[in-house]
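# A look at the structure
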Amino acid sequence: EVQLVESGGGSVQAGESLRLSCAASGLTLEDATIAWFRQAPGKVREGVARISTRYDYTHYDSSLRGRFTISSDNAKNTVYLQMNSLKPEDTAVYYCAAVKVDLRLGLSTYDYDYWGQGTQVTVSS
């Protein structure tokens, strides 16, 4: 019933920007927590950011140092991840995830029930 579709990935050079989109169906953003995760080759899947639109709450993994911004357009039922000053170490498959709780605390893969297929981001030096 719930479907998440990521888009916006691609190949860029270091220092450039990308904006990823997560189009959600089968849920409303105000009743859910949406998160972005990423998984680089040979690495575990790690949390990037999460958002609760009902509480206007966002949280980021500390390692991103303010380069990424998560936002939403509730009318479009879409969540975005703006990625600036991209670095080669940002290369990964980026996944959108959701749970039907208006404020889920936590950024672990085990906190989320629904997942998109992922979109590849490649950053070249």
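Below is a summary of the structure that appears in this document. (Residues numbered from 1 in each chain as written. Predicted model: local features only at pLDDT ≥ 70, side-chain atom pairs only at ≥ 80, totals over all residues. Heavy atoms only, no water.)

For the rest of this paragraph, the subject is the state of the cysteines. Evaluated as defined, the whole model comprises one disulfide. The residue that forms a disulfide with cysteine 22 is cysteine 96, at a sulfur-sulfur distance of 1.9 Å. Disulfide cysteine 22 to cysteine 96: torsion about the S-S bond roughly -75°, handedness left-handed. Of the two residues, cysteine 22 is situated in strand E3 (residues 18-25) and cysteine 96 in strand E9 (residues 92-99); the sequence distance between them amounts to 74 residues. Of the residues examined, cysteine 22 reaches a relative accessible area of 1% and is grouped as buried. Classification of cysteine 96 as buried rests on a relative accessible area of 0%. (Disulfide = S-S within 2.5 Å. Helix = DSSP H or I, 4+ residues; strand = E, 2+ residues; numbered from the N terminus. Buried < 20%, exposed > 50% of the residue type's maximum accessible area, 1.4 Å probe, protein only.)

The side chains of a regular strand alternate between both faces of the sheet. Side chains Leu4 and Glu6 of strand E1 (residues 3-7) all project onto a buried face; the interleaved residues Gln3, Val5 and Ser7 project onto a face where none is buried. Of the strand pairs in this sheet, E1 and E3 are connected by five bridges, and their pairing is antiparallel. Looking at the pairing, valine 5 lines up with alanine 23 of E3. (Pairing = 2+ DSSP bridges.)

What follows is about the pairing of strand E6 (residues 57-60). Inspection of the sheet shows strand E5 (residues 46-52) paired to E6 by four bridges, in the antiparallel sense. Within E6, the residue paired with isoleucine 51 across the bridge is threonine 58. If you look at the hairpin formed by E5 and E6, you'll find four residues sitting between the two strands, and aspartate 56 has a positive phi there, around 50°.

Taken as a class, soluble globular proteins show a tendency for nonpolar side chains to be buried jointly. With 28 residues, the main nonpolar core has Ile34, Trp36, Leu81, Met83 and Tyr94 as its most contacted residues. Put simply, the parts of the chain that give this core at least two residues each are E3, strand E4 (33-39), E5, strand E7 (68-73), strand E8 (78-83), E9 and strand E11 (119-124). Leave out the neighbours within four places in its chain, and methionine 83 touches Glu16, Ser17, Leu18, Leu20, Arg67, Phe68, Tyr94 and Val121. (Core = buried A, V, L, I, M, F, W, Y, C linked by side-chain atoms within 4.5 Å. Contact = heavy atoms within 4.5 Å.)

This paragraph deals with the packing of aromatic side chains. Applying the stated criterion to the full structure yields two aromatic pairs. Considering the side-chain rings of phenylalanine 37 and tyrosine 112, the 5.6 Å spacing of their centres and the 75° angle between planes classify their relative orientation as edge-to-face. Of this pair, phenylalanine 37 sits in strand E4 while tyrosine 112 is found in the loop between E9 and strand E10 (114-115), placing the two residues 75 residues apart along the sequence. By the burial criterion, phenylalanine 37 is buried, and tyrosine 112 matches it. Seen in terms of ring centroids, phenylalanine 37 and tryptophan 115 are 4.9 Å apart; in terms of plane orientation they differ by 50°. Their pairing is tilted. Separated by 78 residues along the polypeptide, phenylalanine 37 in strand E4 and tryptophan 115 in strand E10 bring together distant segments of the chain. The partly exposed category is assigned to tryptophan 115, whose relative accessible area is 28%. Ring-pair connections join several aromatic residues into one group, and the members of that group are Phe37, Tyr112 and Trp115. (Phe/Tyr/Trp six-rings, centres within 6.5 Å; stacked < 30°, edge-to-face > 60°.)

Worth remembering: the numbers are spatial, not functional.
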